[in-house]
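What the coordinates show
Here is what each chain is made of, one letter per residue.
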Amino acid sequence: MEKKIEFGNFERPYICSKCGGELIFKGVGEYRCEDCNQIEYDDYGKVRLYLEKNKSANMTEIQNGTGVSMKSIKQMVKEKRFEIAQNSKVFLYCEICHTPIRMGRFCNECEIKYHRQLEANMRAKSREGKEGIGMGVKGEKGAKRFERE
Ligand SMILES: [Zn+2]
Ligand SMILES: [Zn+2]
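Residues numbered from 1 in each chain as written. Chains lettered and ligands numbered in written order. Predicted model: local features only at pLDDT ≥ 70, side-chain atom pairs only at ≥ 80, totals over all residues.

Burial of the side chains of strand E2 (residues 30–33) is restricted to one face: Tyr31 and Cys33 are buried, whereas none of Glu30 and Arg32 on the reverse face is. Inspection of the sheet shows strand E1 (residues 23–27) paired to E2 by four bridges, in the antiparallel sense. Counterpart to glycine 27 in the pairing with E2 is glutamate 30. Between E1 and E2, which pair antiparallel and follow one another directly, the connecting turn spans two residues, one of which, valine 28, has a positive phi of 35°. Sheet topology note: the E2/strand E3 (residues 39–41) ladder contains three bridges and is antiparallel. Within the sheet, the bridge partner assigned to arginine 32 lies in E3 and is isoleucine 39. A loop of five residues connects E2 with E3, the two strands running antiparallel in sequence, and asparagine 37 in this loop sits at a positive phi of about 65°. (Buried ≥ 20, exposed ≤ 12 C-beta atoms within 10 Å, placed from the backbone. Helix = DSSP H or I, 4+ residues; strand = E, 2+ residues; numbered from the N terminus. Pairing = 2+ DSSP bridges.)

Written out as structure tokens, the structure reads:
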């Protein structure tokens, strides 16, 4: 049995299906046979080619049309290897709010919120470390009392 190629290589072809010659990488998922010039594609090449002809295809259609596994297709979208056409049917969902998105893991809004949250967490942590919990609050109360008197 053939050893499964490590995930992320997108099933790169090595041998020409026509003559058995060696395939040379040409770029964007395309490989050309040294001997007979036959063009072969890896998963990325197949999906890319399919999307060129079927711009509004959804994931199931891509899977059926190319024979590429759903896992590979999702992985490629997450790695932002291609963007799904604007008029495409729902393709991916934001992992936080489940809004349909065209690429990546989050919608724009959640991506911003997510980063804000990370920043806030980091700031809170560094504050705790420097001043100790509660010192900022005490200082504020003290200041107000002072103003009133
Ligand atoms: Zn060949
Ligand atoms: Zn979202």
